[in-house]
Amino acid sequence: VLMGRCLVSCLLSANPRLRPLLVGLFGTQATDCIVMERFLLKRGECAGCTQFDSLDAVGVPFRTPVDLLWQLLGSDYEGLAGRLWTIIFVEFLIGVSNHRGGVELSHSKHRNTANEENPNASNAAWLPKPVLAQSDNAKILRNLGAEYVDFCKELSDQKRPSCAGRGRCLAAVRRIAHVDVSLSQGLLERLLSFAWAKLPSNKARRALVSAIEPLLCQSYHVQFLQHSHTLGGRTYAVPDPMKSRSLCVNPVQSILRGIASLQPLPAIDTDILIGNFSLYNGWFEVISMLEQQHRVISAKSADDKAYHEKLIALIHLCFRDLGEADVCMSMSFNSCKLPQSKYALSLELYGKVQHAMENYTDLIAKSQEASKTFESTASSSATEVPSDVEAGVWEDRWVDLNRELCQWEVLSEYAEDMAYPKLQMESAWKLREWDKVRKLLATPSIMGLLEDGDPDIKMSEVFLAIVDGKLTDVENLHAQTAQLCLYKWQLLPSLSTGSNAHVSLLQKFHRLVELRESGQIMVETSTHSSGRTFPDLKNLLTAWRHRLPNEADPISVWDDVFIWRSHMFNAITTNFSWSEPGTLATLHDRPWTAIRLASVGRKQGTKEVSLLSLGKLTDCAMDVSDAFSKLREQIMSYCGGSDLERTGGLNLINTTNLSFFDSRQKSELFRLKAKFLSTLGQPANANQAFCHALHVCPSYSRAWVDWGGLCSSLSEQLEGVSKTTGDATKAQNAARKVYQYLSQAMACYLEAMQCDTHEMTRINIPKCLWMLSKEGVTPGLLCNTLETRGDLPAWVWLPWIPQLLTSLYRVEGKVVKGILKGILARYPQALYPHLRVFFLERREVEKPRSPAGQQLHNSVTYSDELMVFMRKTHAALYNCLEPMLEELIVRFRPTHEEELLNPIKNLLQKAEAQLEQHKQGKGGSLKTADDALLSHISKTVQRIINARFFRIHSETAQRAKDDRTKRAIEFTARFKERFEKDFIMSSVDSSDSTQLRQRVGEVAEKLKKWKRMLEIQVDSTPHMLALQQASPTLASFAAEAPDLWAGACDPFRDSSHEQRLEHDGGIGQASPSSSAAAAAEAARAASKAVAMAAAKEGCGGHYGGGATAIEIPGQYPPHRDDAIDSRPSPELHVKLVRFESSVRVTKRSGYVAHRIGMVGSDGKTRYFLLQYSIHHWTHADERTTQLHYLCSKIFRRNVVSSRRNLFARPSPVLPLAQRFKMTADDNSCYSLGYVYSRHCAENGLDSSYPSKLFHEEVSSGLKRLSDAGEGARTADSEKSVKVAAFQKVRECVKPNILSRWISSLFKTQEELYHFRQIFCSQTAVNSLLQYGFGVIERTPAQFVFSIQTGQVYAPDFRFAYSPHGGYLQGTGIPFRMTPNIQDFMGPFLMQGRFIPAFSSAAMGICAYERELDPILRLLLRDDIVSWYTSKASPRSDSKMQEL
């Protein structure tokens, strides 16, 4: 045994001569080193090795994987415990592989058949050929070229079977693996998988499991190792998430990662797994193995129910320690049988803490009764006894909710009765029972927790030391507690994975910082108190005010921080009790702390916590500001209650003495009074209260917003009255009052934004734009209000540029033109592309309708004026931007074949749908539909023939110079006659159904022929183009980004400011000192530099923001949604430096797209798709971006959705021409369609087979129903046919395709789990929006996700309308949730991530229903108008206004 340990300890020797000998001894179980060396040398000679080759080029012969794995797993690695000894597994598993023969490339098709006379025959392009210099002055280059030739020859020789190239290569890999941890771990996982798969039977695998388990249980394992990150110790600051591999911190984690990659998965004892996952940072590997065991057991019959419950409990434990509260709650939900328990858990999951607490208390009280039975369902009288597991869930949740509600007296009593020492300790220090804390610290149970390294108990010692005045011990105890926290931190997953496991420790670090500061406070307090002086605690108290938990953090987190602060404030008050109350109030912040906790409790719906916190301020002196805040919180606690409670809040306001408060505080009280009056049904009094509020403080934005909300609600009420009343006079008077209320509401909203541009005031901008739709045929009061009060900062209008542009052809166009002019002056690059496309679209519509010499309509005139303003104001920018946009449009617009292919596809789809109806037995009722379809095809064909690319005249052909015109001429010559011959057909008898059906079939066949022919032409386009060839102008573009700073492009507000400074500086200083003169000169030089920079960037600095450097698109709202939603800074935006040298041609949504890269001034390359798109699709994508931008703002504001970090990422879309757009793209984005097509290509399957099978099964099933008689075909029977067809499709598509593909991209379970988390949340948000807006056609190609970030995108997110313009909602599947998506999410994340995220997003949207209603009306109005105009002929401004 001793010799075996010594041998194993020497296997990682750094001696390159000794290690192969020791490996050979261990592998062959020999004992003589000399004999082993001779044996290896002899084998090396036979294999073709030379005297310069190392001994490890021979390998470890005569060993099988089973024999070797058994020996490796049974070895004693205690001598290597301080090193990553898993490299030994890599060494031997490579060593037993075949070392004979030459090197072969992985992509070589001919293995072991290399021609010895010509070793390069199988891979001619293995290495690039050298280019030798020919000039006489290139001697050095010639020498290098000759050396390269020798190098290539040497590598080529390694491919010869007789040169032992493979052995040398494997020996090199074995040596490199010893110095690269990442490579070693990757090889270990791959080699273990190969060796495990090569085992002869499951019996052999089970035998090896019995060796793995003792190895994992050894006591010599260490938790942390020191090692470099990559080869040679080099580290990379920004690793590629697709290629990076989280490094192992200990050998057990390395082994667990290797085991987790095995298939079939070995059934390791669950107790061993649980014992290792937290000690050796194997969290996600253990969770993965337990989840796989759970899947296997769930798929079988529940024979071993006890083991299944144990497995669920262990998985619950893992997720609990990782901080996954939602997952744990969902698992508890599934383990409970009673509906009352499920209801209580649901309440708690979605933030209804007080209601959940009431339900848990009721359940516990009922369980203590004699009957101990509950109704199993709401509609059944059957009863059921709760299980012990369910009762345990009640108890655990009851304790946690009491923590949330700060009921520490109750918890203290409970902990005493149940003998829970840790809960006793927590309750004791929060109730300031310090004697009890001292006693508990001496108990064996607490001492045991201290020995286990519990930082909470250690922190209690710090509390006690500060209270007892042992200030010298505080620093030492604080350091010990910090070390315990850091120790636990090192055993947690990587912080970059976004795991919630770090949250509790981060909160402890927050408390530790304040504990250290508390010790300093107590030192200063004792020093100054003894000398009857006062310490300066102002800076520290200010820091404590700003150092707060997140707004969405649970109340228990706030309570942990604020209770200790309250204790410190009480200590300060006690030590300085001899001082005056006013002076004493400046030394602590107890009122503000209690009021802040009350405010957070109110916002999170825990009214009891709010009142409890305010009740602690009865005996505390406070200043006027704190007194007002306390009064406001007391008043706000009455909001949302019954009429009696609201009346109580109103009485509290009426009885308040306002003489002590300033104007803003008085205005807030009047605002609250108005809100109470409004909810109590007294709008007139509420209106008067708002008048008082704004009379006292006209600049109070919240009062303006609420007053606008009151006027808006009154207008809605009167509008309903005007529609329902039968009296014309009353209806007219009501309509007049509605108009007045709307103008008042708009004035209030605009005035609020004048006072404050907070995001919750800016959310009313689309509401104001929607109000303009109530205007008549001529501008009226609403337009006048917008004109007089709409002088807002230009950046507040940026998210709503599409709506401002569509307003140009309405009555408010003149007013909106002024707003757009302000945006152009300040942010030209945010508006110009949209304005340019709008101008071209409207000019194309209006110009043919206007006689020669007559002025064009308003929209064209206004947009033309804005274009002229852009050219004058930002001439340099315009001269750079316009040629670039024109070049993008001309060079990358779709070819004529692509443009013709789109209508051909649409016509073919309609014809096939019509033929499908005939197959289903509806031929007798489709005669009219056949006639209408043929008429539609005839009109479409005529429009195609009359299109521009089929009307190339001879004189145009003679003048053709550019490539596109030449291609148009060639296209016309090739296809025009054939197209006319195929589709210009004679008329048929519309009364003959047989002839109509035959003609539809003929047209469908011809459309199929043209579709195939055009697709061949389109697919012949190369997948990669050189930008120099596609667009020499863009290839030669190069710019240098200016070095600007925040505010460098801001307009000058006072040109006389510098002169006034000079004038003031000369007064009273006849002879300034030399230093003062130098400072003044430096200031003048800096001002001059700023002025010159501003003049260069934008028209003399007057307008500002007109940077001549072109910006990368997508940096303005709504394309960019930042957590800090504020004024954009164009001077800090990423500027375009150059274009990437190559352009990729791809297909997206059935259309050819060019993928172009823009290199920014920050060094990053951003990719954009240039693709064909009808104008309605482009505008619909713009509105989708606005919708996602709006939802993200709402999710951030809502507590429940903010806790789950929900967001809806907007995707930048930029219109370039009427039917051409540019969309942001990402290298890491893939679709479900791509994943399935890849799977089919690898396995030789037809990717279209599932859809064909579904349509065939549905057609045959519906035909059978039609043949069965009239009553057989009903809605239910049709649904049954489709369900049966879907089940057949499920049988032919494996449910784990997505899981296997994504798992292959991630190297560790940790990265994979993090991706699954974000994927579930993002899928939930997108699914909710798809369901809410009835977005249909969610095909696999339209389910796109980023493999790098986990974000899920929603391309082609468009609303569906009926032919008559009605909104089609719920006509398709609500959202895409296929078996592959469910399998990838897994049952635990499906219940614990997807469902809570889905419901939380819905709660966030419902919480702002009133604010969202006019915004959605505005978006849907513009969308349906855009859809309608795309289906009908273009309309003039007046027709658009009527529409």
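Residues numbered from 1 in each chain as written. Predicted model: local features only at pLDDT ≥ 70, side-chain atom pairs only at ≥ 80, totals over all residues. Heavy atoms only, no water.

### Focus on the overall build of the protein
Helix and strand counts for the protein come out as 62 helices and 12 strands. Buried positions account for 48% of the 1443 residues belonging to the protein. Long-range pairs, those at least 24 residues apart, make up 71% of the contacts in the protein between residues at least 6 apart in sequence. Accessible surface for the protein amounts to roughly 70200 Å². Of this, 54% is attributable to carbon and sulfur atoms. (Helix = DSSP H or I, 4+ residues; strand = E, 2+ residues; numbered from the N terminus. Buried < 20%, exposed > 50% of the residue type's maximum accessible area, 1.4 Å probe, protein only. Contact = heavy atoms within 4.5 Å. Areas by Shrake-Rupley, 256 points an atom, 1.4 Å probe, with all protein chains shown as cover.)

### Some words on the packing of aromatic side chains
A full pass over the atoms with the stated rule returns 44 aromatic pairs. Both rings, one in Tyr 77 and one in Trp 85, keep their centres 4.4 Å apart while their planes meet at 5°; by these two values the pair is stacked. Note on accessibility: Tyr 77 and Trp 85 belong to one class, buried. Seen in terms of ring centroids, Trp 429 and Phe 463 are 4.3 Å apart; in terms of plane orientation they differ by 40°. Their pairing is tilted. (Phe/Tyr/Trp six-rings, centres within 6.5 Å; stacked < 30°, edge-to-face > 60°.)

### A look at helix H10 (residues 251–260)
Each α-helix turn comprises 3.6 residues. Residues three or four places apart therefore point the same way. Burial runs high along H10: 10 of the 10 residues are buried. Here H10 has its buried residues at Pro 251, Val 252, Gln 253, Ser 254, Ile 255, Leu 256, Arg 257, Gly 258, Ile 259 and Ala 260. A distance of 3.2 Å separates the backbone nitrogen of Val 252 from a side-chain oxygen at the start of H10, and that oxygen is part of Asn 250. (Polar contact = N/O pair within 3.5 Å; in protein donor to acceptor, adjacent residues only side chain to side chain.)

### Structural notes on the side chain of Asp 1423
Note on placement: Asp 1423 falls in helix H61 (residues 1409–1431). Its relative accessible area of 3% is what places Asp 1423 among the buried residues. Filtering out sequence-adjacent residues up to four positions away, Asp 1423 remains in contact with His 1176, Ala 1180, Arg 1183, Phe 1359 and Tyr 1361.

### What to know about the sheet that holds strand E11 (residues 1344–1346)
Spatially, the three strands line up as an open sheet ordered E10-E11-E12, and their pairing is antiparallel. Across the chains shown, the open sheet's two edge strands, defined by having one partner strand only, are strand E10 (1229–1231) and strand E12 (1352–1353). (Pairing = 2+ DSSP bridges.)

### Examining the pairing of strand E8 (residues 1213–1217)
In regular strands, side chains alternate between the two faces of the sheet. Buried residues dominate E8, accounting for five of its five residues. One ladder, built from four bridges, connects E8 with strand E9 (residues 1220–1225); its direction is antiparallel. Considered in E9, the bridge of Val 1213 is made with Thr 1223. Linkage of E8 to E9, two consecutive antiparallel strands, is achieved through a turn of two residues.

### As for the environment of Leu 714
Topologically, Leu 714 is positioned in helix H34 (residues 701–724). Taking the C-alpha atoms as reference points, Leu 714 and Val 738, separated by 24 residues in sequence, lie 7.7 Å from one another.

### Details of the pattern of salt bridges
Applying the stated criterion to the full structure yields 61 salt bridges. Here Asp 1019 and Lys 1147 are joined by a salt bridge, their closest N and O atoms 3.3 Å apart. Highlighted residues: Asp 1019 in helix H48 (residues 993–1019) and Lys 1147 in strand E5 (residues 1142–1148), separated in sequence by 128 residues. Note on Asp 1019: relative accessible area 47%, which makes it partly exposed. On the accessibility criterion, Lys 1147 (41% relative accessible area) is partly exposed. (Salt bridge = Lys/Arg side-chain N within 4 Å of Asp/Glu carboxyl O.)

### Some words on unusual backbone geometry
At the junction of Gln 263 and Pro 264, the peptide bond is cis and its omega measures out at 0° in the coordinates. Mapping Pro 264 onto the fold places it in the loop between H10 and helix H11 (270–277). Pro 1118 follows Pro 1117 through a cis peptide bond whose omega is 10°. With respect to the secondary-structure elements, Pro 1118 resides in the loop between helix H52 (1074–1097) and strand E4 (1136–1139). Unlike most non-glycine residues, Asn 281 shows phi in positive territory, near 55°. Its relative accessible area of 7% is what places Asn 281 among the buried residues. Even without being glycine, Asn 1205 reaches a positive phi, approximately 55°.

### Quick word on the packing of helix H18 (residues 408–418) against helix H19 (residues 421–430)
Following both chains from N to C, one finds H18 and H19 inclined at 145°, their axes separated by 9 Å at the closest point. You can see that H18 and H19 cross each other, and the crossing is left-handed. Contact with H18, carried on its side by Trp 408, Leu 411, Ser 412, Tyr 414, Ala 415 and Glu 416, involves Leu 423, Gln 424, Glu 426, Ser 427 and Lys 430 of H19 and no other residues of that element. Here the contact of H18 with H19 is composed, by residue class, of five nonpolar, three polar and three charged. (Axes fitted to C-alpha atoms, helices over the stretch in contact; angles between N-to-C directions. Left-handed = near helix turned anticlockwise from the far one by under 90°. Nonpolar A, V, L, I, M, F, W, Y, C, P; charged D, E, K, R; others polar.)

### Considerations on the confidence of the model for the protein
Taken over all residues, the pLDDT of the protein has a mean of 82, while the share at 70 or more is 84%. Note that pLDDT drops below 50 for residues 107–126; the model gives that stretch 24 contacts with residues more than four away or on any other chain. Counted against residues more than four places away or in other chains, residues 953–960, with its pLDDT under 50, gives six contacts. (pLDDT = per-residue confidence, 0-100.)

### Regarding the environment of Glu 91
As for its placement among the helices and strands, Glu 91 is situated in helix H5 (residues 87–95). Put simply, Glu 91 and Val 173 are 82 residues apart on the chain and 9.2 Å apart in space, counted from C-alpha to C-alpha. Once you skip the residues sitting within four places of it in the chain, Glu 91 turns out to touch Arg 19, Val 23, Arg 174 and His 178. Reaching out from Glu 91, the side chain makes a polar contact with the side chain of His 178 at a distance of 2.6 Å.

### Considering the side chain of Lys 630
Structurally, Lys 630 is set in helix H30 (residues 624–636). By relative accessible area, which is 16% here, Lys 630 ends up buried. If sequence neighbours within four positions are ignored, Lys 630 has contacts with Ile 595, Leu 614, Leu 617 and Met 622.

### Description of helix H25 (residues 538–546)
Burial in H25 covers these residues: Leu 540, Leu 541 and Trp 544. All buried residues of H25 lie within an arc of 100° about the axis, which places them on one face of the element. Seen from the buried face of H25, the exposed residues on the opposite side, beyond 90 degrees, are Lys 538, Asn 539 and His 546. Against the buried residues of H25 lie helix H24 (503–530) and helix H26 (555–575). (Arc of directions from axis to C-beta.)

### So, the environment of Ser 678
Turning to its location among the elements, Ser 678 is positioned in helix H32 (residues 663–679). As a C-alpha pair, Ser 678 and Leu 710 span 32 residues in sequence and 7.6 Å in three-dimensional space.

### Considering a positive patch on the surface
Together, Lys 603, Lys 675, Arg 702 and Arg 1197 make up a positively charged patch on the protein surface. Within the secondary structure layout, Lys 675 lies in helix H32. (Patch = residues over 30% accessible without salt bridge, like charges linked within 9 Å, V, L, I, M, F, W, Y side chains within 5 Å. Lys, Arg positive; Asp, Glu negative; His and termini not counted. Charge placed at Lys NZ, Arg CZ, Asp CG, Glu CD.)

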